Amino acid sequence: MVAPRILVTGGAGYIGSHTAKLLRLEGIEPVVYDNLTTGNRSAVRWGPFVQGDILDGRRLIEVIEAHQPDAVIHFAASAYVGESVADPAKYYNNNVRGTLSLLDACRQTGVDKVIFSSSCATYGVPAVLPIDEATPQAPINPYGKTKLVAEHMLADYAAAFALNYVSLRYFNACGADPEGDLGEWHDPETHLIPRALMAAAGRIPHLEIFGEDYDTPDGTCVRDYIHVADLASAHVLAYRHLAKGGGNVALNLGTGRGFSIKEVLRTIGEITGHDVPVVFRRRRAGDPPALYADAGLACRTLGFLPRYSDLETIVRTAAPFFGLEVRS
Ligand SMILES: NC(=O)c1ccc[n+]([C@@H]2O[C@H](COP(=O)([O-])OP(=O)(O)OC[C@H]3O[C@@H](n4cnc5c(N)ncnc54)[C@H](O)[C@@H]3O)[C@@H](O)[C@H]2O)c1
Ligand SMILES: O=c1ccn([C@@H]2O[C@H](COP(=O)(O)OP(=O)(O)O[C@H]3O[C@H](CO)[C@H](O)[C@H](O)[C@H]3O)[C@@H](O)[C@H]2O)c(=O)[nH]1
């Protein structure tokens, strides 16, 4: 039997590169399609690389016809909440127009399975926690809105055309490849855990904490941190679900537990032996106070069970990329 092949848009990025590695280990060839705006060429090591833009529909069709993938995993997007508030045009263009371009290329070439990177940002400020998939999606920033539009596009294309999809609503991706091959390399880096590790390592003078006056137990925002290796495994499971004829579905990918920023910093101090120097700033625009998942549906539908998503393992795998030793 010929090995399955998957087109991985955004496969040079953080979550995409970890997923490409796992696909290869699982006997599936990842064909990475990425314009390298935030991704790294050096992170593409487990299959062919094509440099291209998802907005370029003609090129997408050429690449799909050349490689004949069985499915697409669609990571490529702009993905910063704060930036999306300042520059919504960039987000509507890349995330909405880009996804439309990709879905049309799939339709024209007969690719009928799509796995999509959605986000807990589509829920906005939920009335009830934990967040299950029936929670109303009312995003409060342009980034989350573009992810929600893309989810709607998938559902409408699935209803009208021969398309099957899984939308995966990740909570906060973090950590690094447990074997040390890949990490989170963004420039500039904006996410909490890498910024905190940079501060602990002395690469930046301090971590800015955006808001200490939220209605949470210690005043800082609460998030559900899911290890990137667990996210990668969910994509393999989602592909197998579609390959055996499983139905269209949107699933939360989280642990079910929320941690405050201060709790994350405490774990970094314990594991690395370095305190994180901090300064407190105003709230960042577009940030909900607390987000954590009810992750039961992904478990029941895909058999998804996080293995690496405790804060200690997250910090242990990520810290070496910032030159920090971890305590045994
Ligand atoms: N990091 C998180 O916590 C998180 C949480 C929820 C959802 N997501 C989603 O997961 C996906 C991957 O996120 P990430 O953290 O790995 O981000 P990333 O920036 O590391 O990866 C995105 C990749 O897409 C590529 N890309 C962007 N626009 C493109 C375009 N027009 N054409 C081709 N390639 C393009 C980039 O070069 C990059 O390699 C995104 O869709 C993001 O919205 C991320
Ligand atoms: O230097 C920093 C960085 C972050 N934060 C705070 O830490 C929390 C986590 O922030 P991140 O930027 O690490 O991640 P977000 O919670 O903004 O994640 C959002 O954006 C991600 C993509 O970047 C995902 O889509 C995710 O689902 C969505 O909630 C937020 O309260 C943020 O204000 C700081 O205090 N200081």
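Cut-offs and rules
- Residues numbered from 1 in each chain as written.
- Chains lettered and ligands numbered in written order.
- Predicted model: local features only at pLDDT ≥ 70, side-chain atom pairs only at ≥ 80, totals over all residues.
- Heavy atoms only, no water.
- UniProt positions renumbered as here; feature names shortened; annotations may be inferred.
- Near = heavy atom within 4 Å.
- Polar contact = N/O pair within 3.5 Å; in protein donor to acceptor, adjacent residues only side chain to side chain.
- Helix = DSSP H or I, 4+ residues; strand = E, 2+ residues; numbered from the N terminus.
- Axes fitted to C-alpha atoms, helices over the stretch in contact; angles between N-to-C directions.
- Parallel < 35°, antiparallel > 145°, perpendicular 65-115°, else oblique.
- Left-handed = near helix turned anticlockwise from the far one by under 90°.
- Contact = heavy atoms within 4.5 Å.
- Pairing = 2+ DSSP bridges.
- Areas by Shrake-Rupley, 256 points an atom, 1.4 Å probe, with all protein chains shown as cover.
- Domains from an automatic or database assignment.
- Buried area = accessible area lost by both parts, 1.4 Å probe.
- Salt bridge = Lys/Arg side-chain N within 4 Å of Asp/Glu carboxyl O.

An unreviewed UniProt entry lists the protein chain under the name UDP-glucose 4-epimerase, with Rhizobium meliloti given as the organism. Annotation of the protein chain in UniProt includes, under Catalytic activity (unreviewed entry), the sentence "UDP-alpha-D-glucose = UDP-alpha-D-galactose".

A. Highlighting the site of ligand 1. Taken together, 29 residues lie near ligand 1, and Asp34, Thr38, Asn94, Tyr143 and His186 sit nearest. Asparagine 35 is positioned with one of its backbone polar atoms (N or O) 3.1 Å from a nitrogen atom of ligand 1. Between ligand 1 and glycine 39 there is a distance of 3.0 Å, counted from an oxygen atom to a backbone nitrogen or oxygen. Of all the secondary-structure elements, those providing two or more residues to the shell around ligand 1 are helix H1 (14-25), strand E5 (113-119), helix H5 (142-160) and strand E7 (172-174).

B. Representation of the packing of helix H2 (residues 57-67) against helix H4 (residues 88-109) within the structure. With their axes 9 Å apart at the nearest point, H2 and H4 run at an angle of 45 degrees to one another. Here H4 runs oblique to H2, going by the angle between their axes. Our pair here, H2 against H4, has a crossing hand that is right-handed. Touching Gly57, Leu60, Ile61, Ile64 and Glu65 of H2 are Ser101, Leu102, Ala105, Cys106, Gln108 and Thr109, all from H4.

C. Quick peek at the sheet that holds strand E2 (residues 29-34). Overall, parallel pairing links the seven strands, which are arranged E3-E2-E1-E4-E5-E6-E11 in an open sheet. For this open sheet the edge positions go to strand E3 (49-51) and strand E11 (249-253), each flanked by a neighbour on one side alone. Here the strands of the sheet are splayed against their neighbours by 20 degrees on average, with no regard to which way each runs. Relative to E2, strand E1 (residues 5-9) runs parallel, the two sharing five bridges. Across the sheet, residue arginine 5 finds its bridge partner in E2, namely glutamate 29. Relative to strand E4 (residues 71-74), H4 is tilted by about 175 degrees, and along the sheet it contacts E1, E4 and E5. Contacting E5, strand E6 (164-170) and E11, H5 crosses the sheet at an angle of about 155 degrees to E5.

D. The site of ligand 2, seen in detail. Neighbouring ligand 2 are 22 residues; Ala79, Ser119, Glu208, Arg284 and Asp287 lie closest to it. Between ligand 2 and asparagine 172, the relevant distance is 3.0 Å, taken from an oxygen atom to a side-chain nitrogen or oxygen of the residue. With respect to ligand 2, the side chain of arginine 223 contributes an N or O atom lying 2.8 Å from an oxygen atom. Here ligand 2, which alone exposes 680 Å², has 93% of that area covered by the protein. Looking at the shell around ligand 2, the elements that each hand over two or more residues are helix H6 (192-200) and strand E8 (207-210).

E. View of the domain arrangement of the protein chain. Domain assignment breaks the protein chain into domain 1 (5-174 + 226-253) and domain 2 (192-223 + 256-322). Each of domain 1 and domain 2 has a C-alpha centre, and the two are 24 Å apart. The interface of domain 1 with domain 2 comprises 31 residues on the first partner and 26 residues on the second. When domain 1 packs against domain 2, close to 2300 Å² is buried across both sides, 74% of that on carbon and sulfur atoms. Counting across the interface, domain 1 meets domain 2 through zero salt bridges.

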